[in-house]
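Coordinate inspection notes
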Amino acid sequence: MKSTDSTPRVFDPRGVVSARPQRPALRRSSLAGAKVAILDNSKWNAGQLLRNVAVELERGAAIGEMRYYTKESFSRVATPEMVAEIVRDNDVVLTAIGD
Amino acid sequence: MSVGQVEDQTPAPGAETDLVEWYFDQGWTDGLPVVPPTAEKVQAVLDALGVAAHEHICRVAPRHGDLSAEILAINLVMAGARPEYAPLLRTAIEALCDPAFNLNGVQATTHMAAPLMVVNGPVRHEIGMNAGHNVFGSGNRANATLGRAIRLILLNVGGAQPGELDKSTLGHPGKYTYCIAENEEESPLAPFHVSKGFAGDTSTVFVMAAEPPHSVTNHVADDAEGILASIASAMATYAHNNAVSSGHCAVVVGPEHASTIAGDGWDRGRVQSHLWENARVRFGDIAFDHRYGKVYNRNLPAWYGRELESRNPIVPSPDHVHVFVAGGSAGRFSAFIPGWGHMSTPVLRALDGSRSPTGDDCLDESCRVEDRS
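Rules used throughout
- Residues numbered from 1 in each chain as written.
- Chains lettered and ligands numbered in written order.
- Predicted model: local features only at pLDDT ≥ 70, side-chain atom pairs only at ≥ 80, totals over all residues.
- Helix = DSSP H or I, 4+ residues; strand = E, 2+ residues; numbered from the N terminus.
- Buried ≥ 20, exposed ≤ 12 C-beta atoms within 10 Å, placed from the backbone.
- Contact = placed C-beta atoms within 7 Å.
- Rg over C-alpha atoms; globule rule 2.2 N^0.38 Å.
- Pairing = 2+ DSSP bridges.
- pLDDT = per-residue confidence, 0-100.
- Axes fitted to C-alpha atoms, helices over the stretch in contact; angles between N-to-C directions.
- Nonpolar A, V, L, I, M, F, W, Y, C, P; charged D, E, K, R; others polar.
- Parallel < 35°, antiparallel > 145°, perpendicular 65-115°, else oblique.
- Left-handed = near helix turned anticlockwise from the far one by under 90°.
- Arc of directions from axis to C-beta.

This part covers the overall build of chain B. A count of helices and strands for chain B gives 13 helices and 14 strands. Taking the principal axes of its C-alpha atoms as reference, chain B extends roughly 70 × 50 × 35 Å. Burial statistics for chain B: of 373 residues in total, 53% are counted as buried. If you take every contact in chain B between residues at least 6 apart in sequence, the share linking residues at least 24 apart comes to 79%.

Shown next as structure tokens:
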């Protein structure tokens, strides 16, 4: 906005966001035969939920393989090494939040 | 148009517009009136920083907004701070943006943590900070507006609007301002930053994700062990986040208490060790004696005892207890400040970019205040 004699100049304190959002991965239509990663954020209730979901998946979804990963801390991002391992060894990753 | 100038789509103020109300209408405040920035005021801050308006400082999580020198200057002016505070504000923000601090988590957590900022060195006097009476309270422009400028940046650039990206259940009053200076002049201990290896004439900023201060009263004891028993009592509860999430905590010792402690020949290291050893929590208390199943934080240090009668420290080592001396010369009070937990590591950063020679984990001109035990 240009400042004129009749309009005061004002400033936006927010700054720009130059970081680009990541696009979500394409959804699979079926888990049959898929290698599934379970990513546990290490919180108690999330772990309970994920372990029960894992049992149900193994019982009924005809998945190929399942691997279980636990973050070092629920409030920190997964390490790049863990993310790389998940990407390398799995087709699908399932995670949850539970406080 | 400069980076910080408002885009055309923002409703324009007119000649008669009350700019304080206009900034409220944009949602660009902490709930208090802001000082409307002017080009002259913003330029004065840039001059104090000695950098160009577009210089990039850091990205502020969780919005990951780009903090340029000009955006820092705008927020500093809005907070009511003076241009000469700018280098200290910049250093504090750089410390908060150190990956070890995990600002993303601190900003978004349901816990009440807010960044606590403790300043050491000559800059305290240069900008007139309060390290004495009512040090956590109102009345000093530098303490008040530096902390407020941090909050405005965390809100405006970091996007931590309550209920949106800031999910804190309760918050705490330190989310308006939480900025103190150590009372080096009335402290019988070495200044905090000197204990970390910095020169006394170096100015530093320490930041820690923190709960509010809890007062510790002891008007009776005339020896170090008596004073520290009261502080340890405040630390040894199982309600604060250290008890259940470990991490770091701070103790602010009032000058009278500090005088008694030092009079017995105790130094900071012995105070840290004594508090760490004596402020313990029964494991059965944080596990509710397994009344709800074996429910407890799996991130507690692996070496903590898991037997119900095990008594564990609230933080993993004496070096996780950060001891400062601050407050007025009269009164036998201290304060315990719990941290957020293992999820955030405090950062100590020098204004001149110098590094601690002690071997602390220093990277990119910041020193992560890890345990060295």
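Looking now at the overall build of chain A. Summing up its helical and strand segments, chain A has 2 helices and 3 strands in all. When the helices and strands of chain A are placed in sequence order, the string is β-α-β-α-β. Over its C-alpha atoms chain A spans a radius of gyration of 21 Å, topping by over 25% the 13 Å that the globule rule assigns to 99 residues. A principal-axis box enclosing the C-alpha atoms of chain A has dimensions of 75 × 30 × 25 Å. The buried share of chain A, reckoned over its 99 residues, is 18%. The long-range share in chain A, meaning contacts at least 24 apart out of those at least 6 apart in sequence, stands at 78%.

All names here are of chain B. Taking burial as the measure, the 7 residues of strand 5 (residues 204–210) include 7 buried ones, the bulk of the element. In strand 5, alternate side chains face the same way, and those of Thr204, Phe206, Met208 and Ala210 on one face and Val205, Val207 and Ala209 on the other are all buried. Pairing analysis gives 4 bridges linking strand 5 to strand 12 (residues 347–350), with the strands arranged antiparallel. Pairing of Val207 across the sheet is with Val347, part of strand 12.

On average, residues of chain A carry a pLDDT of 88, and 95% of them reach 70 or more. Between the elements of chain A, mean pLDDT differs from a low of 88, seen in helix 1 (residues 44–60) of chain A, to a high of 96, seen in helix 2 (residues 80–89) of chain A.

This paragraph deals with the sheet that holds strand 2 (residues 65–70) of chain A. Residues and elements named next belong to chain A. Strand order in the open sheet formed by 3 strands is 2-1-3, and the pairing between neighbours is parallel. Either end of the sheet is taken by a strand with one partner, and the two such strands are strand 2 and strand 3 (92–95). Averaged over all neighbouring strand pairs, the angle between strand axes comes to 25°, with direction disregarded. Pairing geometry for strand 1 (residues 35–40) and strand 2, over 6 bridges, is parallel. Looking at the pairing, Val36 lines up with Met66 of strand 2. Contacts from helix 1 reach strand 1, strand 2 and strand 3 within the one sheet, and its direction differs from that of strand 1 by about 165°.

The next thing to look at is the environment of B:Leu116. All names here are of chain B. Assignment of secondary structure puts Leu116 in strand 3 (residues 114–120). A sequence separation of 71 residues divides Leu116 from Ser187, and the C-alpha atoms of the two residues are 20 Å apart. Not counting the four nearest positions on each side in its chain, Leu116 is found in contact with Gly174, Tyr178, Val207, Met208, Ala210, Ala250 and Ile337.

This paragraph deals with the sheet that holds strand 7 (residues 249–253) of chain B. All names here are of chain B. Across the sheet, which stays open at both edges, the 4 strands sit in the order 6-11-7-10 with mixed pairing between neighbours. Lying at the two open borders of the sheet, with one neighbouring strand each, are strand 6 (214–217) and strand 10 (321–325). Looking at each pair of strands side by side, their axes are set apart by 20° on average, direction ignored. The pairing of strand 7 with strand 11 (residues 333–338) spans 5 bridges and is antiparallel. Residue Cys249 lies in a different strand from strand 11, and its bridge partner there is Pro338. On top of the sheet, helix 9 (residues 224–235) reaches strand 6, strand 7 and strand 11; it is set at about 150° to strand 6, its chief contact.

In this complex, chain A contributes 21 residues to the contact, which on the side of chain B involves 40 residues. Tallied by class, residues from the side of chain A that touches chain B come to 9 nonpolar, 7 polar and 5 charged.

Residues and elements named next belong to chain B. Viewed as axis vectors pointing N to C, helix 9 and helix 12 (residues 268–278) meet at an angle of 50°, and their least axial separation amounts to 9 Å. Looking at the two axes, helix 9 sits oblique to helix 12. Relative to helix 12, the crossing made by helix 9 is right-handed. Contact residues: helix 9 offers Leu228, Ile231, Ala232 and Met235, while helix 12 offers Val271, His274, Leu275 and Asn278. Residues that form the contact of helix 9 with helix 12 fall into these classes: 6 nonpolar, 2 polar and no charged.

All names here are of chain B. Orientation of helix 3 (residues 69–78) relative to helix 4 (residues 86–96), taken along the N-to-C sense of each, is 115°, at an axis distance of 11 Å. On the basis of the axis angle, helix 3 is roughly perpendicular to helix 4. Where helix 3 crosses over helix 4, the two elements pack in a sense that is right-handed. Where helix 3 abuts helix 4, its residues Leu72, Ala73 and Leu76 lie against Ala86, Leu89, Arg90 and Ile93. Per-class residue counts for the contact of helix 3 with helix 4 are 6 nonpolar, no polar and 1 charged.

Our next topic: helix 2 (residues 39–49) of chain B. All names here are of chain B. Among the residues making up helix 2, those that are buried are Val42, Val45 and Leu49. For helix 2, the angular spread of buried residues about the axis comes to 60°, placing them on one side. Of the exposed residues in helix 2, the ones pointing more than 90 degrees away from its buried face are Glu40 and Asp47. Those residues of helix 2 that are buried are in contact with helix 3 and helix 4. One or two steps after helix 2, the chain reaches Gly50, where phi turns positive at roughly 70°.

Residues and elements named next belong to chain B. Of the consecutive residues Ala61 and Pro62, the connecting peptide bond is found in the cis state with omega at 5°. Tracing the backbone shows Pro62 in the loop between strand 1 (56–60) and strand 2 (65–68). In this model, Ser246 sits at a positive phi of 60°, which is unusual for a non-glycine residue. Mapped onto the elements of the fold, Ser246 is located in the loop between helix 10 (241–245) and strand 7. For Ser246, a count of 23 C-beta atoms within 10 Å gives the class buried.

What follows deals with the confidence of the model for chain B. Chain-level pLDDT for chain B is 93 on average; 92% of the residues reach the 70-or-more range. The ipTM, which scores confidence in the relative placement of chains, is 0.89 for this predicted complex, and the corresponding pTM is 0.91.

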